[in-house]
Amino acid sequence: MTGLIDSASKKKLIVSPIENGTVVDHLPPGTAVKIAQMLGIMGDSVVIIGQNLKSTKFGRKDLIKVEGKFLGEPELNKIALLAPNATVNIVRDSVITDKRQVAVPDCVEKVALCANTNCITNKENVPTRFLIASKSPLVMVCSYCGYETKGEELKLKD
Ligand SMILES: [Zn+2]
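Cut-off values and rules
Residues numbered from 1 in each chain as written. Predicted model: local features only at pLDDT ≥ 70, side-chain atom pairs only at ≥ 80, totals over all residues. Heavy atoms only, no water. Core = buried A, V, L, I, M, F, W, Y, C linked by side-chain atoms within 4.5 Å. Buried < 20%, exposed > 50% of the residue type's maximum accessible area, 1.4 Å probe, protein only. Helix = DSSP H or I, 4+ residues; strand = E, 2+ residues; numbered from the N terminus. Domains from an automatic or database assignment. Contact = heavy atoms within 4.5 Å. Donors = N, O, S within 2.8 Å, 3.2 Å for Na, K, Ca; no water. Tetrahedral: all angles 85-135°; square planar, octahedral: opposite > 155°, others 65-115°. Salt bridge = Lys/Arg side-chain N within 4 Å of Asp/Glu carboxyl O.

1. Let's talk about the nonpolar core
Working step 1: The biggest cluster of nonpolar side chains holds 34 residues, and the ones touching the most others in it are Leu 27, Ile 35, Ile 64, Ile 79 and Met 140.
Working step 2: Among the elements of the structure, β1 (21-27), α2 (32-39), β3 (59-67), α3 (73-82), β4 (87-92), β8 (129-135) and β9 (138-142) are those that each provide at least two residues to this core.
Working step 3: In this structure, this core is formed jointly by two domains, domain 1 (16-101) and domain 2 (107-156), each of which donates at least three residues.
Working step 4: Other than its neighbours up to four places away in sequence, Ile 35 contacts Leu 27, Ile 64, Ile 79, Leu 82 and Ala 83.

2. Let's talk about the coordination of the zinc ion
Working step 1: Listed as protein donors to the zinc ion are Cys 114 (SG), Cys 119 (SG), Cys 142 (SG) and Cys 145 (SG); their distances from the metal cover 2.3 to 2.4 Å.
Working step 2: Considering all four donor atoms around the zinc ion, the spread of angles at the metal, 103 to 114°, places the coordination shape in the tetrahedral class.
Working step 3: All donors of the zinc ion belong to a single chain; written as a sequence motif, their spacing is C-x4-C-x22-C-x2-C. Placement of the pair is Cys 114 in the loop between β7 (112-113) and α4 (120-123) and Cys 142 in strand β9, with a sequence separation of 28 residues.

3. Quick look at the pattern of salt bridges
Working step 1: Evaluation of the coordinates by the stated rule reveals four salt bridges.
Working step 2: For the salt bridge of Asp 25 with Lys 61, the shortest nitrogen-to-oxygen distance reads 3.0 Å. Here Asp 25 is found in strand β1, whereas its partner Lys 61 is found in strand β3, with 36 residues between them in sequence. Just as Asp 25 is buried, Lys 61 falls in that class too.
Working step 3: Put simply, Arg 100 and Glu 73 hold a salt bridge, and the shortest N to O gap is 3.0 Å. Pair noted here: Arg 100 is in strand β5 (residues 95-101) and Glu 73 is in helix α3, with a separation of 27 residues, a long-range link.
Working step 4: Under the relative-accessibility criterion, Arg 100 is labelled partly exposed at 31%.
Working step 5: Judged by relative accessible area, Glu 73 falls into the partly exposed class, the value being 45%.

Right under this line is the structure:
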């Protein structure tokens, strides 16, 4: 009955609480580490990352818990690029005080890379900028070269 032990230990992980901070849930499997790095939360905070957890909605999911940090609008927008179905819970004194759905913004600056290798933003130290032509599926138009970067080609800055 390894399946039972498996799910029991995972359940324990899921409910492992934080007192004050942010829970980012319903991330596509394999994206949690990338998203945590993109958010720049890996250095100084207590970060709990769950990978390939069972999800009733999506089969498998990743999850991030950050102690002592409350993620705001700019961070939620970034998360949406990689995880359009993510939900974000703000926890204060062990109580969820705010539940939010992420949303792809109309304009994306700095965090993403242009998929056109000849683009000036890939050759020189120029911050990238994209207008969003389509949110689902994701299509981002580079403000410098006009190239359309699609969701599957999306690369984020390290
Ligand atoms: Zn470009």
